[in-house]
Amino acid sequence: MTLHAPGPGFRPRAAVAMSQDAAAAVLDDQVLAAFREVCDLAPPPVLDDLSTPRARSLLADVDLLVTGWGCPALDEEVLRAAPRLRAVVHTAGSVRGHVTDACWERGVEVSSAAAANALPVAEYTLAMILLTGKHVLERARDYRVSRARDNWLRTPRDIGNHGSTVGILSASLIGRRVIELLRPHDMEVLLHDPHISDADATRLGVERVELPELFARCDTVSVHTPLLPTTRGLVGRPLIEAMPAGATLINTSRGAVVDQRALTDAVLAGRIRAVLDVTEPEALPADHPLWDCENALITPHLAGSEGNEWRRLADLALAETARWASGTGFLHPVRRERLAFLA
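Thresholds, definitions, all that
Residues numbered from 1 in each chain as written. Predicted model: local features only at pLDDT ≥ 70, side-chain atom pairs only at ≥ 80, totals over all residues. Heavy atoms only, no water. Domains from an automatic or database assignment. UniProt positions renumbered as here; feature names shortened; annotations may be inferred. Helix = DSSP H or I, 4+ residues; strand = E, 2+ residues; numbered from the N terminus. Salt bridge = Lys/Arg side-chain N within 4 Å of Asp/Glu carboxyl O. Buried < 20%, exposed > 50% of the residue type's maximum accessible area, 1.4 Å probe, protein only. Core = buried A, V, L, I, M, F, W, Y, C linked by side-chain atoms within 4.5 Å. Contact = heavy atoms within 4.5 Å. Phe/Tyr/Trp six-rings, centres within 6.5 Å; stacked < 30°, edge-to-face > 60°. Pairing = 2+ DSSP bridges.

**A closer look at the domain arrangement of the protein chain**
Moving on, step 1. Each assigned domain of the protein chain is listed with its residue range as follows: domain 1 (13–107 + 307–336) and domain 2 (118–298).
Moving on, step 2. The gap between the C-alpha centroids of domain 1 and domain 2 is 35 Å.

**Some thoughts on the UniProt feature "domain: D-isomer specific 2-hydroxyacid dehydrogenase NAD-binding" (unreviewed entry) in the protein chain**
Moving on, step 1. What UniProt calls "domain: D-isomer specific 2-hydroxyacid dehydrogenase NAD-binding" (unreviewed entry) maps, in this numbering, to residues 134–303.
Moving on, step 2. Secondary structure across residues 134–303 divides into 29% helix and 16% strand, with the first and last C-alpha atoms of the span separated by 20 Å.

**A few points about the pattern of salt bridges**
Moving on, step 1. Here the structure, examined in full by the defined rule, presents 21 salt bridges.
Moving on, step 2. Across the pair D40 and R11 runs a salt bridge, and its minimum N-O distance is 2.9 Å. Taken as a pair, D40 in strand β2 (residues 40–41) and R11 in the segment before β1 (13–17) lie far apart in primary sequence, 29 residues in all.
Moving on, step 3. On the accessibility criterion, R11 (35% relative accessible area) is partly exposed.
Moving on, step 4. A salt bridge links R208 to E210; the nearest nitrogen and oxygen atoms lie 3.4 Å apart.

**As for the nonpolar core**
Moving on, step 1. Counting 29 residues, the largest nonpolar core has L214, F215 and L263 as the members making the most contacts within it.
Moving on, step 2. Looking at this core, the elements with two or more residues in it are α10 (211–217), β9 (220–223), α11 (237–242), α12 (260–268), β11 (273–276) and β12 (296–298).
Moving on, step 3. The dominant element in this core, judged by the number of residues it contributes, is α12, at four residues.
Moving on, step 4. Apart from residues lying up to four places away in sequence, L263 is in contact with I240, L249, V258, I272, A274 and L276.
Moving on, step 5. Judged by nonpolar contacts, the second largest core, of 27 residues, contains A22, V46, L64 and A87.

**A short note on the packing of aromatic side chains**
Moving on, step 1. Per the stated rule, a full pass over the model turns up one aromatic pair.
Moving on, step 2. Considering the side-chain rings of F10 and W324, the 6.0 Å spacing of their centres and the 65 degrees angle between planes classify their relative orientation as edge-to-face. Of this pair, F10 sits in the segment before β1 while W324 sits in helix α13 (residues 310–326); the two residues are 314 residues apart in sequence, bridging distant segments of the chain. Of the two residues examined, F10 and W324, each falls in the buried class.

**Observations regarding the sheet that holds strand β3 (residues 64–67)**
Moving on, step 1. In space, the five strands of this open sheet follow the order β2-β1-β3-β4-β5, with parallel pairing throughout. The two strands at the open ends of the sheet, each matched to only one other strand, are β2 and β5 (109–112).
Moving on, step 2. As paired elements, β3 and strand β4 (residues 87–90) share four bridges and run parallel to each other. By the bridge assignment, V66 is partnered in β4 with V89.

**Some details on unusual backbone geometry**
Moving on, step 1. Across the junction of P44 and P45, the peptide omega takes the value 5 degrees, indicating a cis bond.
Moving on, step 2. Along the chain, P45 turns up in the loop between β2 and α3 (53–59).
Moving on, step 3. That bond from E282 to A283 is cis: its omega, 5 degrees, falls within 30 degrees of zero.
Moving on, step 4. Mapped onto the elements, A283 comes out in the loop between β11 and β12.
Moving on, step 5. In this structure, H135 takes a positive phi of about 55 degrees despite not being glycine.
Moving on, step 6. Of note, H135 is situated in the loop between α6 (114–133) and α7 (136–146).
Moving on, step 7. Owing to a relative accessible area of 17%, H135 belongs among the buried residues under this scheme.
Moving on, step 8. The residue S170 is not glycine, and still its phi comes out positive at about 100 degrees.
Moving on, step 9. Within the secondary structure, S170 sits in the loop between β6 (165–169) and α8 (173–182).

See the structure below:
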């Protein structure tokens, strides 16, 4: 079989592999038309089952797969059916669910839209840091009940964002973006990441600290570490109990990174506040006490790309497809050796 190298004039044969719902959300007609400008894209429906006769027929000729949420695993059996496959462009963040060892062993190139998906998560995080610093949610609740404005000149001095200390757990794509968004604000930013040196932290404009110090010093701690075997339960009871009274824990990463029971105990006791876009389990049981706790805000895993933000994912995937086809190579490659540090 002759495989043409990517370069000027090369038009890869491509197919879309993801759930029908994901395709409807991320790949509208305008986006699909743009993909057809740079590759020979298989017609719909998308491939949400790679074992069907139609899927096997399409896989036999594809050079590239455009994947998304709900893509089946690209295992050895699938790769045998796709002898030409050399690249995967993922329209979401993590590729762990579908890119298998068989892909890496063949040398399939992989790209991810994680950088685009990091933006709305960071924006959500910044918004929650500022809102909780001003105690907006609690004060809005009290205002709704009293229907009368309190004496604003008697606002306690622990309310506000000026000079507060924010801790970032992990210099991930999202963590780094949050650091960037915090720069215009009068806040001290601390960072814990075991893979970051003091020099790296200085370049980011933050102070690198050890994990216990991060929790002990910060008014707000924002969790951005991926869920890995080494990070499951990382934020345990000792760290949570070390947080200053009235501090806020924000988690937009994965619920299992935090000890849910220890966090619940601290929030119910009124010691700290929590903003949780993820929980363990997800969703919490209907009778879980955090649902009715005034110190907790729980949102339905909405910080990541949704609605018009899906267009960022599609645009990045389209640009990556065009780059690969031209022989330029991916701007956002996923490397096998970095998988241990990625979500």
